[in-house]
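The chain contents come next:
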Amino acid sequence: MEKVPEVIYQVLEEPKSANEIKPDPDVPQSLEEFVTQMKETRPDAKTFAIELKSMINFLEERTRTAKIQEYLYRHVASNSIPKQLHCLSLRLANEHTTNAGARLQLPSAEQVPYLVDNSFYHFVLASDNVLATSVVAASLVQSSLQQQKIVLHIITDKKTYSPMQAWFSLHPLTPAIIEVKALNHFDWFARGKVPVLEAMEKDQKARAKFRGGQTAILANNVEKPHIVAAKLSALSPKYNSLMNHIRIYLPELFPSLNKVVFLDDDIVVQTDLTRLWEIDMKGKVNGAVQTCRGDDKFVMSKRFKSYLNFSHHLISKNFDPEECAWAYGMNIFDLYAWRRTNISQTYHHWLQQNLKSDLSLWQLGTLPPGLIAFHGHVHTINPFWHMLGLGYQENTSLADAENAGVIHFNGRAKPWLAIAFPQLQPLWAKYVNFSDKFIKGCHLRAT
């Protein structure tokens, strides 16, 4: 049996040169072309190896470019505001200006006492997306067996307050009680009292310097596609949105409440969530579904090492990489127990540590610092209450999704985007009235 000439290994193992990375029109662009060329020229072993390496480099670079282009398209598609949603906000803002019926006090004066009544079931949702919020609200109320005892506190930003107030003024969910409030309406939310605001400003500056802009990211022709994807993801505005940090201030925002359920705006409620109040939290603060166990190994395989950087000594000396992670999206928060802990201070401390470490302690998002801050304060609840992955797992079983208490479209493929998975989107779309004049007027459609 003849051995492969040593010169072939030597050529293939040589590092790529700058010229090899540049496109060459004479390089064979397929295996068929390469074989034909080799038969015609009958080169020696070294020339054969050089030509083979050139073709491999060419095909690798073409694959890399295509992969990066795919990541760029996904980045743009998932982070751009669809013109239909922009239209909806503008139409509602105009309605708020011209129609007194779109400027109702929410809730009405006689219902205000219920906002601090702990005999009611209090839910909190923070969002600047009117359509997404309307689906969460509608699914929550319609799925409840005690609608008259539901209080939904909607927190939004200053620019979205008018459209949000207009929507819920014109689309009441009676008998449930809906409160719409902008962050600037909270007396407590003054700049000097919110440590995370300063951290966010520093984070934004550090991230811009550390990651580089989109043009710089795409101009790098040596980094692997998954690194490019991570850097593009860092540019997402959601990572520097105060809405993502609202959870950590729940005890201060609702000082009279003992317990709330916090909902993300990309979920759909499919069961009566008032039953969550029957769960014995055993003195813990955060009732959450664990994400390290389950039939879906793609979604339910997350541990601390999936989010935290255990190559950094600050992480490795304080946490166990194999510890089971848990999910945001649908959480029970015992605010009475929370106020007796240092959870919020711990959160702020680790945000500062991450900034000092050049954002190297964890992956993007608010879950990693949440895993740290709530460490030791989490009560595991049944996975029925919160099914994850509908925004990035195309293979999610429709039957399983239909039988879950809450389904969560976490991931890029949000149900209001064109890139949503078509077999899962109807679970969300059924709570949108596509004949509504605002929805119809902005050309929002079920598919």
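Refer to the structure above for everything that follows.
Residues numbered from 1 in each chain as written. Predicted model: local features only at pLDDT ≥ 70, side-chain atom pairs only at ≥ 80, totals over all residues. Heavy atoms only, no water.

Draft legend 1. Quick peek at the nonpolar core. In this structure, Phe123 and Phe168 are the most contacted members of the largest nonpolar core, which totals 70 residues. For this core, the element with the most residues is helix α6 (residues 130-143), which contributes nine residues. Counting residues in each nonpolar core, the second largest holds 43 residues, with Phe254, Leu257, Ile343 and Phe374 among its members. (Core = buried A, V, L, I, M, F, W, Y, C linked by side-chain atoms within 4.5 Å. Buried < 20%, exposed > 50% of the residue type's maximum accessible area, 1.4 Å probe, protein only. Helix = DSSP H or I, 4+ residues; strand = E, 2+ residues; numbered from the N terminus.)

Draft legend 2. View of the pairing of strand β1 (residues 121-126). Burial runs high along β1: six of the six residues are buried. Neither face of β1 is open: one carries Tyr121, Phe123 and Leu125, the other His122, Val124 and Ala126, and all of them are buried. In the sheet, β1 pairs with strand β2 (residues 150-156) via six bridges, with the strands oriented parallel. Paired with histidine 122 across the bridge in β2 is valine 151. For the segment spanning β1, α6 and β2, crossover handedness is right-handed. The pairing of β1 with strand β4 (residues 259-263) spans three bridges and is parallel. Bridge assignment links leucine 125 to a residue of β4, and that residue is leucine 263. (Pairing = 2+ DSSP bridges. Right-handed = clockwise from strand over helix to strand, strands pointing away.)

Draft legend 3. Focus on the sheet that holds β4. Read across the open sheet, the seven strands follow the order β3-β2-β1-β4-β7-β6-β8; overall the sheet is mixed. Looking along the sheet, the strands with just one partner apiece sit at the ends: β3 (177-182) and β8 (378-380). On average, each strand axis in the sheet is inclined to that of its neighbour by 25°, with strand direction left out of account. Note that β4 and strand β7 (residues 330-334) share five bridges and pair antiparallel. Across the sheet, phenylalanine 262 pairs through a bridge with asparagine 331, a residue of β7. On top of the sheet, α6 reaches β1, β2 and β4; it is set at about 170° to β2, its chief contact. Each of β2 and β3 touches helix α7 (residues 158-170); the most contacted strand, β3, lies at about 160° to it. (Axes fitted to C-alpha atoms, helices over the stretch in contact; angles between N-to-C directions. Contact = heavy atoms within 4.5 Å.)

Draft legend 4. Region of the structure containing the packing of aromatic side chains. In this structure the tally under the stated criterion is 14 aromatic pairs. Geometry around phenylalanine 186 places lysine 181 over its ring, the cationic atom sitting 4.4 Å from the centre. Of note, arginine 247 hangs over the ring of tyrosine 328, and the distance from its end group to the ring centre comes to 3.9 Å. (Phe/Tyr/Trp six-rings, centres within 6.5 Å; stacked < 30°, edge-to-face > 60°. Lys NZ or Arg CZ within 6 Å of the ring centre and 35° of its normal.)

Draft legend 5. Examining α7 more closely. Buried within α7 are the following residues: Thr160, Tyr161, Pro163, Met164, Gln165, Ala166, Trp167, Phe168 and Ser169. Those residues of α7 that are buried are in contact with α5 (83-98), α6, β2, β3 and α19 (437-441).

Draft legend 6. Structural detail: α5. Taking 1.5 Å per residue as the helical rise, α5 with its 16 residues ought to reach 22 Å, and the 22 Å between its terminal C-alpha atoms agrees with that figure. Looking only at α5, the buried set comprises Leu85, Leu88, Leu92, Glu95 and His96. Taken end-on, α5 shows its buried residues confined to a sector of 100°, consistent with a single buried face. Facing away from the buried side of α5 by more than 90 degrees, the exposed set consists of Lys83, Leu90, Thr97 and Thr98. (Expected span 1.5 Å × (residues − 1). Arc of directions from axis to C-beta.)

Draft legend 7. Examining the state of the cysteines more closely. Taken as a whole and judged by the stated rule, the model has two disulfides. In this model, cysteine 87 is linked to cysteine 442 through a disulfide, with the two sulfur atoms separated by 2.1 Å. One disulfide, between cysteine 87 and cysteine 442, carries an S-S torsion of -75° and so falls in the left-handed class. You can see cysteine 87 sitting in helix α5 and its partner cysteine 442 sitting in the segment after α19, a full 355 residues away along the chain. Relative accessible area serves as the criterion here: at 21%, cysteine 87 is assigned to the partly exposed category. Residue classification places cysteine 442 among the buried positions, given a relative accessible area of 2%. In this model cysteine 292 forms its disulfide with cysteine 324; the gap between the sulfur atoms is 1.9 Å. One quick way to see it: the torsion about the S-S bond of cysteine 292 and cysteine 324 is about -110°, and its sign makes the bridge left-handed. One end of the pair, cysteine 292, is in the loop between β6 (286-288) and α12 (304-307); the other, cysteine 324, is in the loop between α13 (313-316) and β7, with 32 residues separating them in the sequence. Accessibility classification places cysteine 292 together with cysteine 324 in one group, the buried group. For the protein, the bonded cysteines pair up as 1-4, 2-3 when numbered in the order they occur along the sequence. (Disulfide = S-S within 2.5 Å.)

Draft legend 8. View of the side chain of asparagine 331. Among the secondary structure elements, asparagine 331 is positioned in strand β7. Under the relative-accessibility criterion, asparagine 331 is labelled buried at 0%. In this structure the side chain of asparagine 331 is engaged in a polar contact, spanning 3.0 Å, whose partner is the backbone oxygen of alanine 327. Ignoring sequence-local partners within four residues, the contact set of asparagine 331 consists of Val260, Val261, Phe262, Asn286, Gly287, Ala288 and Trp326. (Polar contact = N/O pair within 3.5 Å; in protein donor to acceptor, adjacent residues only side chain to side chain.)

Draft legend 9. Quick look at unusual backbone geometry. Note the cis peptide between leucine 106 and proline 107, where omega equals 0°. Inspection of the secondary structure puts proline 107 in the loop between α5 and β1. Although it is not a glycine, arginine 42 sits at a positive phi angle of roughly 45°. Relative to the helices and strands, arginine 42 is located in the loop between α3 (31-41) and α4 (45-79). Relative accessible area serves as the criterion here: at 67%, arginine 42 is assigned to the exposed category. The backbone phi angle of histidine 443 is positive, close to 60°, even though this residue is not glycine. Structurally, the position occupied by histidine 443 is in the segment after α19.

Draft legend 10. The packing of α6 against α7, seen in detail. In contact at an axis separation of 10 Å, α6 and α7 are set at 40° when each is read in the N-to-C sense. By the angle between their axes, α6 is oblique relative to α7. Here the hand of the crossing between α6 and α7 comes out right-handed. Taking contact as the criterion, the partners of Val130, Thr133, Ser134 and Ala137 in α6 are, on α7, Thr160, Pro163, Met164, Trp167 and Phe168. (Parallel < 35°, antiparallel > 145°, perpendicular 65-115°, else oblique. Left-handed = near helix turned anticlockwise from the far one by under 90°.)

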